[in-house]
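Tertiary structure, described
If you want the building blocks of each chain, they are given just below.
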Amino acid sequence: MAMPEINILFKTLAKTASIRSARGVACVVVKDSAVEGKYVYTREKQITQSYDDDNLSLVKEAFNKYGVTKLVVYAIDKTGGTLQDALNNLKKVEINYLACNFALEENDVTLLKQFKETRVKNNMDLQIIANVAADDEYFINFASTGISVNGSAIEPHRFMCKLAFILASIPQTESATYYVLDDVTAVTEIENEDEAVEAGKLFITFDGEKYKLSRAVNSKTTLGANEKKDLKKIKITEGKIIVKGDIYKVFRDKYVGKCNNDYNDRLSLVSEINRYLT
């Protein structure tokens, strides 16, 4: 008797996919001298913690500049905290895009790759922004350096957090390709931009008038026998994550333990999934 509800849920999810993609969850991991732990914000006035100035400015910017709908901040101790501390507490937190507001060590990259594998295994896929040639659709390899924002130099990892905010706010009906970066005032030029795109790098480009994001690709460069080139696009991976998450949540919450799981129920579930996908 539960299949009609599943039908309605899939119809609703299909209709709202584009809207929900523009309300993605951004997550930043920061090192701070005064704040520790996980905090979730949906608007700027909820930010009452006494973050260090740079972190506070970053967290507020998510709302007052990029209009992020939901932000997860995990603060680790500036002197003794580790990325592992944060990732251990973010394994089951809803996140679409994750970035760290500090330079990554080699071990940090290994931890992020393990974190991604755990999330994918648990049907909680996400995209991670880092300067890593991971050859992985779930990693966005941001390659720009020498970045200035409003005339002041900022580190690439700081800008990666801004990227998390940007990407979490763009709907599926749009792409981040050539997204105008109105506060960027300088960047070190990428010598061969076409080669950089082919190498799975996302970077800042200048068209003579404005600074913009390059073609919005992830770090994936190697395609399997049955994989299409579209998997190299951030937008496609985001769509894949939304679809996978929708199907998994409906199956978990509305089918398992609530339907008989006999042939007819399984057939009905598959039919509704196919309708959702089309």
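About the thresholds
Note on numbering: residues in each chain are counted from 1, in written sequence order. Reporting in this predicted model follows two pLDDT cut-offs: at least 70 for local features of residues, and 80 or more for side-chain atom pairs to be given and counted; totals over whole chains, interfaces and linings ignore these cut-offs and use all residues. Each side-chain value is worked out from all heavy atoms of the structure, with water and hydrogens disregarded. The secondary structure listing takes helices from DSSP runs of H or I that are at least 4 residues long and strands from runs of E that are at least 2 residues long, numbered from the N terminus. For every residue, the accessible area (1.4 Å probe, protein chains only) is compared with the maximum for its type, and the residue is labelled buried under 20%, exposed over 50%, or partly exposed between those bounds. Throughout, a residue-residue contact means that at least one pair of heavy atoms, one from each residue, lies within 4.5 Å. Accessible surface is estimated by sampling points in the Shrake-Rupley manner with a 1.4 Å probe; for residues, cover comes only from the protein chains shown. Aromatic rings from Phe, Tyr and Trp, with only the six-membered ring used for Trp, were paired whenever their centres fell within 6.5 Å, and each pair was classed as stacked if the ring planes differed by under 30 degrees, edge-to-face if by over 60, and tilted otherwise. To form a nonpolar core, buried Ala, Val, Leu, Ile, Met, Phe, Trp, Tyr and Cys residues must be joined to one another through side-chain atoms within 4.5 Å. pLDDT runs from 0 to 100 and stands for how confident the predictor is about each residue. For helices, the fitted axis covers only the stretch in contact; all axes are lines through C-alpha atoms, and the angles between them, taken along N-to-C directions, range from 0 to 180 degrees. An angle below 35 degrees is treated as roughly parallel, one above 145 as roughly antiparallel, one from 65 to 115 as roughly perpendicular, and anything else as oblique. Put simply, a crossing is left-handed when the front helix is turned counterclockwise from the back one by less than a right angle, and right-handed when it is turned clockwise. In this analysis, the protein atoms alone were mapped onto a 1 Å grid. Cavities are point sets where a 1.4 Å probe fits without being able to get out; pockets are open sets with protein on both sides within 12 Å along at least five of seven lines; lining residues have an atom within 4 Å of a point. Grid points are joined across faces, edges and corners, and a volume is the space filled by probe spheres set on the points. Residue polarity is assigned by list, with Asp, Glu, Lys and Arg as charged and Ala, Val, Leu, Ile, Met, Phe, Trp, Tyr, Cys and Pro as nonpolar; anything else, Gly included, falls into the polar class. In short, DSSP must find at least two bridges between two strands for them to pair. Helix span, expected: 1.5 Å multiplied by one less than the number of residues in the helix. Nitrogen and oxygen atoms within 3.5 Å of one another constitute a polar contact, given that in protein one can donate a hydrogen and the other can accept it, and given that sequence-neighbouring residues count only through two side-chain atoms.

**Topic: the overall build of the chain**
In terms of regular secondary structure, the chain is built from eight helices and 12 strands. Within the span of the chain, comprising 278 residues, buried residues form 46% of the whole. Within the chain, residue pairs in contact and separated by at least 24 positions form 67% of the contacts whose partners lie at least 6 positions apart. Working note: accessible area of the chain is about 14,200 Å², and carbon and sulfur atoms make up 47% of it.

**Here's the deal with the packing of aromatic side chains**
A complete count under the given rule lists five aromatic pairs for this structure. Seen in terms of ring centroids, Tyr-66 and Phe-165 are 6.2 Å apart; in terms of plane orientation they differ by 45 degrees. Their pairing is tilted. Of this pair, Tyr-66 sits in the loop between helix H2 (53-64) and strand E3 (70-77) while Phe-165 sits in helix H5 (residues 156-168); the two residues are 99 residues apart in sequence, bridging distant segments of the chain. Phe-165 carries the same exposure label as Tyr-66, and that label is buried. For the pair Phe-142 and Phe-159, a centre-to-centre distance of 5.5 Å together with 20 degrees between the ring planes defines the contact as stacked. You can see Phe-142 sitting in strand E6 (residues 139-142) and its partner Phe-159 sitting in helix H5, a full 17 residues away along the chain. Judged by its relative accessible area of 1%, Phe-142 falls in the buried class. Among the residues examined, Phe-159 registers a relative accessible area of 0% and is labelled buried. By the ring-pair criterion, three or more aromatic residues cluster together here, those being Tyr-39, Tyr-41 and Tyr-51.

**Description of the nonpolar core**
Judged by nonpolar contacts, the single largest core of 43 residues is most densely connected at Leu-71, Ile-129, Phe-142, Phe-159, Phe-165 and Ile-204. Taken together, the elements giving at least two residues each to this core come down to strand E1 (25-32), H2, E3, strand E4 (97-100), E6, strand E7 (147-149), H5 and strand E12 (211-213). Looking at which element gives the most residues to this core, the answer is H5, with nine residues. One finds Leu-87, Leu-90, Ile-95 and Ala-130 within the second-largest nonpolar core, a separate group that totals 25 residues.

**So, the confidence of the model for the chain**
Averaged over all residues, the pLDDT of the chain is 87; the fraction at 70 or higher stands at 80%. Below a pLDDT of 50 lies the segment residues 18-22, which in the model reaches 17 contacts outside its immediate sequence neighbourhood of four places, other chains included.

**Details of the packing of H2 against H5**
The relative placement of two packed helices is expressed as an angle between their axes plus a distance between the axes. Axis separation between H2 and H5 bottoms out at 10 Å; the angle between their running directions is 20 degrees. Classified by the interaxial angle, the pair formed by H2 and H5 is roughly parallel. For the pair H2 and H5, the sense of crossing is right-handed. Contact residues: Asp-54, Ser-57, Leu-58, Glu-61 and Ala-62 in H2; Arg-158, Cys-161, Lys-162 and Phe-165 in H5.

**Quick look at the layout of surface pockets**
Quantified by volume, the second largest pocket comes out at close to 330 Å³. Contributing to the lining of the second largest pocket are 16 residues, with Asp-194, Val-197, Glu-198, Arg-215 and Val-217 lying nearest its centre. Among the elements that take part in the lining of the second largest pocket, helix H6 (residues 193-198) stands out by supplying four residues, more than any other. A breakdown of the residues in the lining of the second largest pocket according to their chemical character gives four nonpolar, four polar and eight charged.

**As for empty space enclosed by the protein**
Enumeration according to the criterion identifies one cavity of 30 Å³ or more in this entry. Its boundaries defined by the atoms lining it, the largest cavity holds a volume of some 80 Å³. Around the largest cavity, the lining residues are Tyr-97, Leu-167, Ile-170, Pro-171, Gln-172, Glu-174, Ser-175, Ala-176, Ala-216, Ile-234, Lys-235 and Glu-238. Split into classes, the residues belonging to the lining of the largest cavity amount to seven nonpolar, two polar and three charged.

**Quick look at the sheet that holds E7**
The strand order across the open sheet formed by three strands is E8-E7-E9, and the pairing between neighbours is antiparallel. At either margin of the open sheet sits one strand with a lone partner, and together these are strand E8 (152-154) and strand E9 (184-186). Adjacent strand axes in the sheet meet at a mean angle of 50 degrees, parallel and antiparallel pairs treated alike. Where E7 and E9 come together, two bridges link them in antiparallel fashion.

**Topic: helix H4 (residues 106-121)**
Taking 1.5 Å per residue, 16 residues should reach 22 Å; H4 reaches 23 Å between its end C-alpha atoms and fits that length. Positioned one or two residues after H4, Asn-123 has a phi angle of 60 degrees, which is positive.

**Quick notes on the side chain of Asn-55**
Looking at the secondary structure, you find Asn-55 in helix H2. Among the polar contacts listed, one links the side chain of Asn-55 to the side chain of Asp-32, at a separation of 2.8 Å. Among the polar contacts listed, one links the side chain of Asn-55 to the side chain of Asn-101, at a separation of 3.0 Å. If sequence neighbours within four positions are ignored, Asn-55 has contacts with Val-30, Lys-31, Asp-32 and Asn-101.

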